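In case you want the letters, here they are:
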Amino acid sequence: MVYDLGKNLIKAHGDLCLRAGRMPKVKTNRVKYPEGWELVEPTLRELQAKMREAENDPHDGKRKCEALWPIFKIAHQKSRYIFDLYHRRKEISKELYEFCLDQGYADRNLIAKWKKPGYERLCCLRCMQPRDHNFQTTCVCRVPKHLREEKVIECVHCGCGGCASGD
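Residues numbered from 1 in each chain as written. Predicted model: local features only at pLDDT ≥ 70, side-chain atom pairs only at ≥ 80, totals over all residues. Heavy atoms only, no water.

The protein chain carries the name G10 protein in an unreviewed UniProt entry, which gives Dillenia turbinata as its organism.

### Quick word on the packing of aromatic side chains
The relative placement of two aromatic rings is captured by the distance of their centres and the angle of their planes. So the rule is basically this: Aromatic contacts are taken between Phe, Tyr and Trp rings whose centres are within 6.5 Å, Trp giving its six-membered ring; a plane angle under 30 degrees counts as stacked, one over 60 as edge-to-face, and the others as tilted. Under the scheme used here, helices are H or I runs from DSSP no shorter than 4 residues and strands are E runs no shorter than 2 residues, and both carry numbers assigned from the N terminus. Exposure categories follow from relative accessible area, calculated using a 1.4 Å probe and restricted to protein chains: below 20% of the type maximum is buried, above 50% is exposed, and the middle band is partly exposed. Placement of a charge over a ring requires the Lys NZ or Arg CZ to be within 6 Å of the ring centre, with the centre-to-atom vector within 35 degrees of the ring normal.
Here the structure, examined in full by the defined rule, presents six aromatic pairs. Ring centres 5.2 Å apart and planes at 50 degrees place the aromatic pair Trp-37 and Tyr-105 in the tilted group. In this pair, Trp-37 is assigned in helix H1 (residues 37-56) and Tyr-105 in the loop between helix H3 (94-102) and helix H4 (108-114), connecting sequence segments 68 residues apart. Of the two residues, Trp-37 and Tyr-105, both sit in the buried class. With a centroid separation of 4.2 Å and an interplanar angle of 10 degrees, the aromatic rings of Tyr-86 and Tyr-97 are classed as stacked. You can see Tyr-86 sitting in helix H2 (residues 69-88) and its partner Tyr-97 sitting in helix H3, a full 11 residues away along the chain. Of the two residues, Tyr-86 and Tyr-97, both sit in the buried class. Put simply, the rings of Tyr-33, Trp-37, Phe-99 and Tyr-105 touch in pairs and so form one group of aromatic residues. The ring of Trp-114 is capped by Arg-80, whose NZ or CZ atom sits 3.9 Å from the centre of that ring. Directly above the aromatic system of Tyr-119 lies the positively charged group of Lys-113, at a separation of 5.4 Å from the ring centroid.

### A look at the nonpolar core
Convention followed: Throughout this description, the term nonpolar core refers to a set of buried Ala, Val, Leu, Ile, Met, Phe, Trp, Tyr and Cys residues connected via side-chain atoms within 4.5 Å. Any two residues whose heavy atoms approach within 4.5 Å are treated as being in contact.
Core analysis: the largest hydrophobic core is formed by 31 residues, its most contacted members being Trp-37, Val-40, Leu-44, Cys-123, Cys-127 and Cys-141. Elements represented by at least two residues in this core include exactly H1, H2, H3 and H4. Leaving out residues up to four positions away in the same chain, Cys-123 has contacts with His-76, Leu-110, Cys-141, Cys-158, Cys-160 and Cys-163.

Shown next, in the form of structure tokens:
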């Protein structure tokens, strides 16, 4: 089919549309890595491999929520690694830190919570959202150990044993 829309002649063939006289833009997947990337790359690649393994791991015999626990744990490890390198040890530049957040190597929202008092050890964002819990409260893992009735607990969402800052 050929459609005449004024100056541009458009040929339609299935899902492909070409405009006469214009070339389509070529997208490249080349990412420009900032300085210092070679320091964090091996650890991040290793954690990505673990993540892939956890995603492909069969969850036979596990509860529905338990199948996601290893994924939450590895996502937490990646975010904590980037957070510690930038905020605690100051070994990476702001540019590399922002790059890691933009590329999805770390969870920006979780790191933002870690900077606030009382959330320094937060395991995941679901544990602090009242809408995900009974009685519109936070998760049982957010309760300090000395205030718990049961001494050994396990979070339903991520498998955390306790992430209250007072522990």
